[in-house]
Amino acid sequence: MKNRARSYKVNLELGKRVRRLRKKLDLSQEELAEKAGIHRTYMGKIERGESNPPLHTVSKIAKALKVTLSDLF
């Protein structure tokens with residue numbers, strides 16, 4: 001159970017950072033999702049911490065936000 005709680009916390013923090021950076025660029029979730037090549041509803045789940053995206057998806061989001069992977073973690 002501890003691993004699940006830790007994973008959930010990481011997902012929440014990732015989502016918060018994605019949302020903050022997206023808003024800083026004045027992008028909607030839909031615009032960011034399009035730039036990253038993922039579905040807009042999936043982007044919403046990532047921002048809410050409801051999804052545990054694979055590294056290649058996080059990499060696409062980082063590229064769309066013009067930041068490094070380490071900036072998201």
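Just above sits the structure.
This write-up is about the structure you can find in this document. This one's a predicted model, so the numbers in the text were calculated from it and none came from an experiment. (Residues numbered from 1 in each chain as written. Predicted model: local features only at pLDDT ≥ 70, side-chain atom pairs only at ≥ 80, totals over all residues. Heavy atoms only, no water.)

What to know about the nonpolar core
Soluble globular proteins: nonpolar side chains tend toward being buried together. Here is the rule: Only buried Ala, Val, Leu, Ile, Met, Phe, Trp, Tyr and Cys residues count toward a nonpolar core, and they belong to the same one when joined by side-chain atoms within 4.5 Å. For every residue, the accessible area obtained with a 1.4 Å probe (protein chains only) is divided by the maximum for its type, and the residue is called buried under 20%, exposed over 50%, and partly exposed between those limits. By definition, any uninterrupted DSSP run of H or I lasting at least four residues is a helix, any uninterrupted run of E lasting at least two residues is a strand, and each is numbered from the N terminus. Every residue pair with non-hydrogen atoms within 4.5 Å of one another is taken to be in contact.
Judged by nonpolar contacts, the single largest core of 16 residues is most densely connected at Val18, Leu32, Ile38, Met43, Ile61, Leu65 and Leu72. For this core, the secondary structure elements donating two or more residues are helix H1 (2-24), helix H2 (29-36), helix H3 (40-47) and helix H4 (55-65). If one sorts the elements of this core by residue count, H4 sits on top with five residues. Setting aside residues no more than four positions away along its own chain, leucine 32 makes contact with Val18, Arg22, Leu27, Met43, Ile61, Ala64 and Leu65.

Structural notes on a nonpolar patch on the surface
Just so we agree on the cut-off: Each patch groups residues whose relative accessible area exceeds 30% and which form no salt bridge, using 9 Å between like charges and 5 Å between nonpolar side chains of Val, Leu, Ile, Met, Phe, Trp and Tyr. Residue-level accessible areas treat just the shown protein chains as cover; the underlying method is Shrake-Rupley with a 1.4 Å probe. The rule for a salt bridge is simple: a side-chain nitrogen of Lys or Arg has to be within 4 Å of a carboxyl oxygen of Asp or Glu.
A cluster of nonpolar side chains, namely Val10, Leu55, Leu69 and Phe73, defines an oily patch on the protein surface of about 370 Å² accessible area. In this fold, valine 10 is placed in helix H1.

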